[in-house]
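Architecture at a glance
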Amino acid sequence: MLNNVKSLFDIPSDVCYLNCAAQSPMLKSAKQAGDKGLDIKLHPWTLDPDFWGKCADDLRGLLANMISADAKDIALIPSTAYGVATAAQNLKLESGQDIVLLEGQFPSNVIAWEKKAKENGGSLNIVSRPADYNWTPHILDAITNKTGIVTLPACHWTDGSKIDLVAVGEHCRRFGAALVVDATQAIGAMSIDVRAIQPDFLICSSYKWLLSPVGSAFLYASSIHHEGKAIELSKFNCDDVDPVKGIYTPKSGAYRYEMGGRNVFTHLPMALESARQISQWGVTNIQKTLRPLTDLVGDMALERGWQAPVGENRVGHIIGLTFPNDHPENLQKNLAENNVFVSERGAGIRVSPYLYNDERDVLRFFEVMDRLLS
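Residues numbered from 1 in each chain as written. Predicted model: local features only at pLDDT ≥ 70, side-chain atom pairs only at ≥ 80, totals over all residues. Heavy atoms only, no water.

Under an unreviewed UniProt entry, the name given to the protein chain is Aminotransferase class V-fold PLP-dependent enzyme, and the source organism is Kiloniella antarctica.

Next comes the structure, spelled out in structure tokens:
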């Protein structure tokens, strides 16, 4: 269990921020790293030519360690949608095959697959939301000899209901289906092991649980895709084979998928500083620390007759609450007017605490909720 670290963030004492799954606050130390990046842009003659390469290498190494991968498997990209588009470009889908995904899945991991299915004569096989929040058996039933690609999150973004990706990975290999994972709502807050899951591609935007700026993300590519086709080619993901003739070839490993605008003066050092801090805390410790808070949210919600995923069907850092009747309009806005910040997701409320929260924040959330719902 980790101690409360609110002092490392610039969060006023009267703010109850339970919305990390939407947008994380920035570490003070990450802001300082970003300020130094701005100083370099302000005075570009001070730039060390080796600065960007070292930052990128160090960041890839930290991200790789978080998912039990190698640095050569990691590419720095701008968004989940960019990574999903890269995966879609490199995976085959035959006419008549289907792509398995979840009902209400985040659009960044849906739109490219709709396009791919349409262009290749395939179809989407959408797994319906289970009443008991236990997605895994329904996903396994959906994977058949017709399945070409399975593309899933580590947990559902609206309520934290969990998918057993190891079991899904085994099933995909049994039926010869490719596996793509959107781990945006997982990495940085819980353990993800690509050696056990064995996905073809895994993508993560870093502005949530990795405490990084919007525009920071990364892609993991299995070694079987290290010779694939990149969305763009630049000096960052190509080797200069003949500098005289200007002949370039894509780099080996996942580096070939790296974005051209990697060296943003602020983003790269900020993402590196945040990854260092998270690595120091340890994702397993973060999960153990957050689980009691979301368990308390779940218990207090059930006491009020609300619904919530409980036990092993949910991750420890996100919980979604739904109500027996329609909740009042503008509930998220009304909570914000009381300095309590969560997200409305579908017909419910999503609560996502972090290490700057404690039980007092949970109690305050329910005190305001009770008042608004009375």
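The structure having been displayed, the exposition proceeds.
Glancing now at the state of the cysteines. Tallied over the full model, the rule gives zero disulfides. Between cysteine 16, a cysteine without a disulfide, and cysteine 20, which holds the nearest cysteine sulfur, the sulfur-to-sulfur distance is 13 Å. For cysteine 16, a relative accessible area of 0% puts it in the buried group. The thiol of cysteine 204 is unpaired, and the distance to the nearest cysteine sulfur, on cysteine 155, comes to 11 Å. (Disulfide = S-S within 2.5 Å. Buried < 20%, exposed > 50% of the residue type's maximum accessible area, 1.4 Å probe, protein only.)

The sheet built from three strands is open, its strands ordered S11-S14-S13 with antiparallel pairing. Each end of this open sheet is capped by a strand with a single partner; those strands are strand S11 (319-322) and strand S13 (343-345). For this sheet, the mean inter-axis angle between neighbouring strands, taken without regard to orientation, is 35°. Alignment of S11 against strand S14 (residues 348-351), held across four bridges, turns out to be antiparallel. If you follow isoleucine 319 over to S14, its bridge partner there is valine 351. Those strands touched by helix H9 (residues 283-303) are S11 and S14, and its axis lies near 10° from that of S11. (Pairing = 2+ DSSP bridges. Helix = DSSP H or I, 4+ residues; strand = E, 2+ residues; numbered from the N terminus. Axes fitted to C-alpha atoms, helices over the stretch in contact; angles between N-to-C directions. Contact = heavy atoms within 4.5 Å.)

To continue, consider empty space enclosed by the protein. For the coordinates displayed, the defined rule picks out one cavity of 30 Å³ or more. The volume enclosed by the largest cavity comes to roughly 30 Å³. The residue makeup of the lining of the largest cavity, split by class, is five nonpolar, one polar and two charged. (1 Å grid on protein atoms, 1.4 Å probe; cavity = no way out; pocket = protein on both sides within 12 Å on 5 of 7 lines; lining within 4 Å. Points joined across faces, edges and corners; volume = space filled by probe spheres on them. Nonpolar A, V, L, I, M, F, W, Y, C, P; charged D, E, K, R; others polar.)

Right, let's get into helix H2 (residues 51-66). Compared with the 22 Å implied by 1.5 Å per residue over 16 residues, the 23 Å span of H2 between its first and last C-alpha is a close match. Buried-residue contacts for H2 involve strand S2 (74-77), strand S8 (217-221) and helix H8 (267-281). Just past H2, the residue serine 68 takes up positive phi, approximately 60°. (Expected span 1.5 Å × (residues − 1).)

What follows deals with the pattern of salt bridges. Per the counting criterion, the structure on display carries 18 salt bridges. For the salt bridge of aspartate 370 with arginine 304, the shortest nitrogen-to-oxygen distance reads 2.8 Å. Taken as a pair, aspartate 370 in helix H11 (residues 359-373) and arginine 304 in the loop between H9 and S11 lie far apart in primary sequence, 66 residues in all. A relative accessible area of 34% means that aspartate 370 is categorised as partly exposed. Each member of the salt-bridge network shares a partner with another, and the members are Asp57, Arg60, Glu258 and Arg262. (Salt bridge = Lys/Arg side-chain N within 4 Å of Asp/Glu carboxyl O.)

The next thing to look at is the environment of leucine 63. Mapped onto the fold, leucine 63 is located in helix H2. Put simply, leucine 63 and proline 153 are 90 residues apart on the chain and 18 Å apart in space, counted from C-alpha to C-alpha. The contacts of leucine 63, once residues within four sequence positions are left out, are Leu76, Leu210 and Phe218.

The next subject is the side chain of aspartate 73. On the secondary structure map, aspartate 73 appears in the loop between H2 and S2. As a buried residue without a salt bridge, aspartate 73 has its nearest oppositely charged side chain in lysine 72, at a separation of 4.4 Å. Look past the residues within four positions of aspartate 73 in its chain and what remains in contact with it is Leu219, Tyr220, Ala221, His226 and Ala254. (Lys, Arg positive; Asp, Glu negative; His and termini not counted.)

Okay, the nonpolar core next. Ile67, Ile187, Leu202, Phe218, Tyr354 and Phe365 are the most contacted members of the largest nonpolar core, which totals 90 residues. At eight residues, the largest contribution of residues to this core is made by H2. Apart from the residues within four sequence positions on either side, phenylalanine 218 is in contact with Leu63, Ile67, Ile74, Ala75, Leu76, Ile77, Ile187, Leu202, Ile203, Cys204, Ser206 and Leu210. Ala88, Leu93, Ile203 and Ala230 belong to the second largest nonpolar core, which has 23 residues in total. (Core = buried A, V, L, I, M, F, W, Y, C linked by side-chain atoms within 4.5 Å.)

Turning next to the pairing of strand S6 (residues 178-182). In terms of burial, S6 is a largely internal element, five of the five residues being buried. The alternating pattern of S6 places Ala178, Val180 and Asp182 and Leu179 and Val181 on opposite faces, both of which are buried. What joins strand S5 (residues 147-153) to S6 is helix H6 (residues 165-175), and the crossover it makes is right-handed. With three bridges joining them, S6 and strand S7 (residues 201-205) adopt parallel strand pairing. Pairing of valine 181 across the sheet is with leucine 202, part of S7. (Right-handed = clockwise from strand over helix to strand, strands pointing away.)

The next thing to look at is the sheet that holds S5. One open sheet holds the seven strands; their spatial order is S2-S8-S7-S6-S5-S3-S4, and the pairing between them is mixed. Two strands in the sheet have a free side with no partner beyond their single neighbour: S2 and strand S4 (123-127). Here the average twist between neighbouring strands, direction ignored, is 20°. In the sheet, strand S3 (residues 98-102) pairs with S4 via five bridges, with the strands oriented parallel.

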